[in-house]
Amino acid sequence: MTAKISKIGILTGGGDCPGLNAVIRAVAKTAINDYGIQCIGIKDGFEGLVLNKMIDLSYENVSGILNLGGTILGTSNRADPFNFDIENTGNKQDLSSQAVDNFHKAGLQALMCIGGDGTLSIAYNLMQKGIPCVGVPKTIDNDLFGTDITFGFDSAVHIITEALDRLHTTAQSHHRVMIVETMGRYAGWLALYGGIAGGGDIIIIPEIDYSLETVCERVHERNKKGKRFSIIVISEGVKMPSGDYQIKTRDEGSHDPIRLGGISIWLARKIEKMTGIAARATVLGHLQRGGSPTSTDRVLATQFGQVAMKNLAEKNFGVMVGMNCGELTTTPIPDIANKQRLVGPNLPIIEIARSVGTSFGDI
Ligand code: F6P
């Protein structure tokens, strides 16, 4: 019989999102309550493993954090032990052996990695160096393979919905076109769900081709019907007709350096020019990642944390937990790496939105 696990490490990698602390709490409490396993928190994602920044996650340390946004452990979207930027100098070295040494010196026997595609790819590479890992999917973008839903998404959709509710009043009062830009990278889930929940008149997502003429026609049509305002929700990953993205900046140190942003500002200018109607853009940006998780995200994060811990204690390593068709599942990490779950243009939710009069700028 193989020895029972007695001590593990937990880290959060990539961008933060609401619900990370709820997962940390669920993992640590399940570890302590159900398995008598000690948990060590690794600070600032994989940076903490390379630089040996660790704290004890006692029961007391993880109490009272369920409702907190962000991550008590800190995170990094740059720290990759295999390509580590030494003191942010741009001098990159493979310090994965140092990370592995620190892992063993701390007496850790497995690693719980809470993060997105980049974090889970690093976890997989560390497994090849003998570190047993289990993954928990995180992103507001909801675009990870191997799960129908990621925690953080519902909280972000709530923020978009509230923003749309607020912008409706100015749109109505000033007879304007108000355009709201959501995050989501190359996937349109946030714009789609936020747009439906907030009653967006036109939702533009990367997965459905739109035309500027159709968008403007739709705005005119509404005006003719006496609706002298329109709300447009657009995803940051929508391309301009030239085929280019609006790129805000580049973060060279990170897994995917391109930072999208600004498509709503471009669209507002085009609409004003083509319709003569005043248009304003609001880029929601990081507001979508901040604050307390919704109750749905707290429950999902708790489910993911408990199931992930159970798999880790049972030594079912190399998997990511997920929720598929309402069931808690596990998927081998290599099966999800470098893949993106986009909105299917034929999903029932698209047809439903069209039936209630939402345009996707295509017809
Ligand atoms: O993946 C989450 C996300 O918030 C995206 O929606 C967004 O494009 C990106 O991260 C922003 O990254 P950063 O926080 O590095 O600017």
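Predicted, not measured: the structure shown is a model, and the values here were computed from it.

## Quick word on the domain arrangement of the chain
As assigned here, the chain comprises domain 1 (7-151 + 293-336) and domain 2 (153-290). On a C-alpha basis, the centroid separation for the pair domain 1 and domain 2 is 32 Å. Taken residue by residue, the interface counts 21 residues in domain 1 and 20 residues in domain 2. Between domain 1 and domain 2 we count 3 salt bridges in total. We note a salt bridge from D141 to R185, for which the minimum N-O separation is 3.8 Å. Viewed at the interface, domain 2 and domain 1 are joined by 9 residue pairs in polar contact (both at pLDDT 80 or more). Among the elements of the structure, α4 (117-127) and α9 (295-313) are those that each provide at least two residues to the side of domain 1 that touches domain 2. Of the residues contributing to the side of domain 1 that touches domain 2, the split by class is 6 nonpolar, 8 polar and 7 charged.

## Here we look at the pairing of strand β8 (residues 177-182)
In terms of residue burial, β8 counts as a mostly covered element, since 6 of its 6 residues are buried. Of the two faces of β8, the one lined by V177, I179 and E181 and the one lined by M178, V180 and T182 are each fully buried. Bridge count for β8 against strand β10 (residues 230-235) is 6 bridges, and the pairing is parallel. If you follow E181 over to β10, its bridge partner there is I234. Bridge analysis of β8 against strand β13 (residues 279-283) gives 5 bridges, and the strand direction is parallel. By the bridge assignment for β13, V177 is matched with A279.

## Considering the pattern of salt bridges
With the rule as written, the count across this model stands at 14 salt bridges. The residue D256 makes a salt bridge to R185 at a minimum N-O spacing of 3.5 Å. Of this pair, D256 sits in the loop between β11 (247-250) and β12 (258-260) while R185 sits in the loop between β8 and α6 (189-197), and the two are 71 residues apart along the sequence. As a salt-bridge pair, R280 and E272 come within 3.6 Å of each other at their nearest N and O atoms. Since its relative accessible area comes to 36%, R280 is described here as partly exposed. Each of D44, E47 and K53 takes part in one network of salt bridges that share partners.

Criteria and thresholds
Residues numbered from 1 in each chain as written. Predicted model: local features only at pLDDT ≥ 70, side-chain atom pairs only at ≥ 80, totals over all residues. Heavy atoms only, no water. Domains from an automatic or database assignment. Contact = heavy atoms within 4.5 Å. Salt bridge = Lys/Arg side-chain N within 4 Å of Asp/Glu carboxyl O. Polar contact = N/O pair within 3.5 Å; in protein donor to acceptor, adjacent residues only side chain to side chain. Helix = DSSP H or I, 4+ residues; strand = E, 2+ residues; numbered from the N terminus. Nonpolar A, V, L, I, M, F, W, Y, C, P; charged D, E, K, R; others polar. Buried < 20%, exposed > 50% of the residue type's maximum accessible area, 1.4 Å probe, protein only. Pairing = 2+ DSSP bridges.

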